[in-house]
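# A structural walkthrough
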Amino acid sequence: MGITCQNGCFKLDAKNTSYLFSVIEDGYLAHVYFGKKIPDQNADYLLRLNEHPLPPPQGDRDRAVFLDHIPLEYPCMGIGDFREPCLQVLDKDGMSACDIRYVSHTIEKGKHKLPGLPATFGSENDCTTLTIHCADTHLNLEVQLLYTVFEDLDVITRSVRVVNHAKDAVTLRRVLSACVDFDGSGYDMITLHGAWARERHIIRTPVTPGTHAASSMRGESSHQDNPFLALLSRNATEDTGEVYGFNFVYSGNFLAQAEGCPYDKTRVVMGIHPQDFGWLLEEGESFVAPEVVMVYSDEGIGKMTRTFHDLYRNHLIRGEYKDKKRPILINNWEATYFDFDTDKLISIAREAAKSGIEMLVMDDGWFGNRNSDNCALGDWVVNEDKIKGGLKHLVDEVNKLGLKFGIWFEPEMISPDSDLYRAHPDWCIHIPGRQRTLCREQLVLDLSRKEVRDYVYDSVSKILSSANIEYVKWDMNRQLTDVGSASLPASRQRELWHRYVLGVYDLMERLVTDFPHLLLENCSGGGARFDPGMLYYSPQIWCSDDTDAMERLRIQHGTSMVYPVSAIGAHVSDVPNHTVGRVTPFATRGNVALSGTFGYELDITHIPQDDRDLIPQQVATYHKYNDLIRTGDLYRIGDLCRDSSYDCWSFVAKDKSEVLMTYVQVLGRANYQSRCVRLKGLQRDAVYVLEETGQEFSGAVLMQGGFPVTGVYGDFSSKLFHFVRKK
Ligand code: DGJ
């Protein structure tokens, strides 16, 4: 049993991790320990309660001081803990304080679904769930703290459910999903930051006194920040030291914050961003906060990464493609932008088929009057001037060439210049009387409204049912502004941020339920919604609009910090690269895209013959290694933050029988010998054969002495090395 309780001490045991908290005086829940597995059931001495001002009730004169010192499991606003709170209300009298105390608990095998929300899943055989029932007796508010332990992984998940048992309504002003008060200070923090076309660059900073956050108030998880935060010991490296990873299974506004606190403590909180949040709870209603995944590693950042990957590959991603190789696709966006028709697409498909490419994806521009990005979103009717002969004809022709067919949608949006807008000008998110703020000349549909969702779903499903469409790229190209709904009362307007995200989830759930064989790829102007919430619906997400192989090193490296490589949308595109103008070798573009879903995004009918000739080889390489890349353990060998002249990473089979190492030389080096890189994660006493040359090495020497990389010459060059364990 992964969860036990004795005398008010709760112990949650994951694979090599223990997490302890206790019910202390007056029913407060105090956090005791999070780290490497310990045998003790009770370690309350760590709370050092006798060193604080006397705990209540004896020391009631200093209750506030006491609460501001102790590590609280779920801190509330306004009663004495002055650090970042998790729960804040606005009650009928206009008060914001709340105060929850332990009432009871249950421990069950398995894991519950969170209604309407994406979440990790497990069975009675691999996880156990603890529900702590707390109450604020003044407000008559119940707060359930939910914990699930995955017993074969170093993973604990958390979420929160709030139930209003009072006659009067109460407004929730913040309901964060998790808080952990770490003992001591002097930690570092890793977060993932960027902007359009340079998403998820890794930033490591010391946590000094005060708050340090990654956050989004953009209505989506965003290009700029990712709902991830790792707290780590200052000496932690890729392979050593303690690392605590937190990831929010949510796709809207979020706060991921570490706080250096005055009394030698560090508080981490994660949840829906409290700014501009509100949720009215009438009598008997409940609110569920999305899930936070907590991962512990005692072997550095790399092990944290591998734990997230295992969890997400096995307990978050669903559907037919969960464990399957994805079809190699060719997408026409960078090939044609809006300038295409049936003939052009068929010519691309014909050429692609000769090279072994398996699917054609028709991107933006096939519907309504859409010949540029300034109109027609919402008018999901095939433009037969472009798609001559209709969609079914095109799909059938592509299928006859042996390719599957995929299509692009941007279901959440509406263009002011569209039939939909002309018919329903109030269907977008807007504030009546205010100018509607455009972005890419479009507005966002109010998906909190059922009739709007139904319209969107009917339009999308009608198209999907009209032909043999096997893939959808679900795009979302702007952030939310003027957040108001024509259908919500004033008392519920602040709910729109979250109701919008719930609406998106509702649409995606309907889609994957009704079209179980569909491969869904999420996208948001590139990688603005690369988060675990989206992974619950789509096994892959377009990682970035920046397809330059060198830029992709940092973007994919940062993305793979948390998210499995099997989910990272990566394509080979043409040069000079459309975003940065760089010219890199076709082979390197292929080698970098291999560490992702792999596909092409170029006009195959126009690229140089030499490049075209390489495609069948790249296709074969993909088929040879994709099982290993998709299911293996990722080990980062190079570190672009320390040495940006090269990058190197590897995929080691779970049984350690083979390893594929990718080496990329960013800039050529004058007058150096080969570079010796140390492999990781191999079987020390096994012999590995380098497939290319037949040379033999022990696992130990490859890991300790290293492997001299040769044959990589010039800027932007790269090479794959495949080692196979000798039988
Ligand atoms: C943004 C996406 O990231 C691109 O790949 C492309 O689909 C465009 N939108 C189309 O408008």
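Residues numbered from 1 in each chain as written. Predicted model: local features only at pLDDT ≥ 70, side-chain atom pairs only at ≥ 80, totals over all residues. Heavy atoms only, no water.

Our next topic: the overall build of the protein. Counting secondary structure elements, the protein contains 13 helices and 38 strands. In summary, the protein has a C-alpha radius of gyration of 26 Å against a globular reference of 27 Å for 727 residues, a match within 12%. With the C-alpha coordinates aligned to their principal axes, the bounding extent of the protein is approximately 85 × 70 × 45 Å. Within the protein, contacts between residues separated by at least 24 positions form 69% of all contacts whose residues are at least 6 apart in sequence. Surface summary for the protein: the accessible area is close to 26000 Å², and the carbon and sulfur share equals 49%. Charged side chains of the protein number 77 positive and 100 negative; the gap between the two group centres comes to 3 Å. (Helix = DSSP H or I, 4+ residues; strand = E, 2+ residues; numbered from the N terminus. Rg over C-alpha atoms; globule rule 2.2 N^0.38 Å. Contact = heavy atoms within 4.5 Å. Areas by Shrake-Rupley, 256 points an atom, 1.4 Å probe, with all protein chains shown as cover. Lys, Arg positive; Asp, Glu negative; His and termini not counted. Charge placed at Lys NZ, Arg CZ, Asp CG, Glu CD.)

Let us look at the sheet that holds strand β26 (residues 519-522). On the basis of which strands lie adjacent, the open sheet formed by nine strands has the order β28-β27-β26-β25-β22-β21-β20-β30-β29 and parallel pairing. Two strands close off the open sheet at either side, each with one partner strand: β28 (568-569) and β29 (572-573). As judged from the four bridges shared by strand β22 (residues 404-409) and strand β25 (residues 471-474), these two strands associate in the parallel manner. Its bridge partner lying in β25, Gly-406 is registered against Tyr-471. Across the sheet, helix α5 (residues 390-400) lies against β21 (359-362) and β22, angled at about 140 degrees from β22, the strand it touches most. (Pairing = 2+ DSSP bridges. Axes fitted to C-alpha atoms, helices over the stretch in contact; angles between N-to-C directions.)

Here we take up the site of the ligand. Of all residues adjacent to the ligand, which total 13 residues, the nearest are Asp-363, Asp-364, Lys-473, Asp-475 and Asp-545. The side chain of Asp-364 places a nitrogen or oxygen atom 2.7 Å from an oxygen atom of the ligand. Within the side chain of Asp-545, an N or O atom sits 2.4 Å from an oxygen atom of the ligand. Of the residues that constitute the shell around the ligand, the class distribution is four nonpolar, three polar and six charged. (Near = heavy atom within 4 Å. Polar contact = N/O pair within 3.5 Å; in protein donor to acceptor, adjacent residues only side chain to side chain. Nonpolar A, V, L, I, M, F, W, Y, C, P; charged D, E, K, R; others polar.)

Okay, the side chain of Glu-334 next. Relative to the elements of secondary structure, Glu-334 occurs in helix α3 (residues 333-336). Here Glu-334 occupies a buried position and makes no salt bridge, while the nearest side chain of opposite charge, Arg-552, is found at 7.6 Å. Side chain to side chain, Glu-334 and Thr-547 meet in a polar contact 3.2 Å long. Those residues in contact with Glu-334, other than ones at most four positions away along the chain, are Asp-545, Thr-547, Ser-573, His-578 and Glu-601. (Buried < 20%, exposed > 50% of the residue type's maximum accessible area, 1.4 Å probe, protein only. Salt bridge = Lys/Arg side-chain N within 4 Å of Asp/Glu carboxyl O.)

Moving on, we get to the nonpolar core. Residues Trp-366 and Ile-407 are the most contacted members of the largest nonpolar core, which totals 197 residues. No other element matches helix α8 (residues 496-514), which puts nine residues into this core. For Ile-407, the contacting residues outside a window of four places in its chain are Val-361, Met-362, Trp-366, Leu-391, Ile-463, Leu-464, Ile-469, Tyr-471, Val-472 and Lys-473. If you look at the next biggest cluster of nonpolar residues, it comprises 22 residues, including Tyr-635, Val-659, Tyr-688 and Phe-707. (Core = buried A, V, L, I, M, F, W, Y, C linked by side-chain atoms within 4.5 Å.)

Bringing the domain arrangement of the protein into the picture now. Segmenting the protein into domains produces domain 1 (3-315), domain 2 (329-631) and domain 3 (636-725). Centre-to-centre, using C-alpha coordinates, domain 1 lies 34 Å away from domain 2. Buried surface at the junction of domain 1 and domain 2, summed over both partners, amounts to about 3900 Å²; 56% is from carbon and sulfur atoms. Looking only at domain 1, the three residues that lose the most surface to domain 2 are Arg-200, Glu-220 and Trp-279, adding up to 16% of its buried area. Counting across the domain 1 and domain 2 interface gives two salt bridges. (Domains from an automatic or database assignment. Buried area = accessible area lost by both parts, 1.4 Å probe.)

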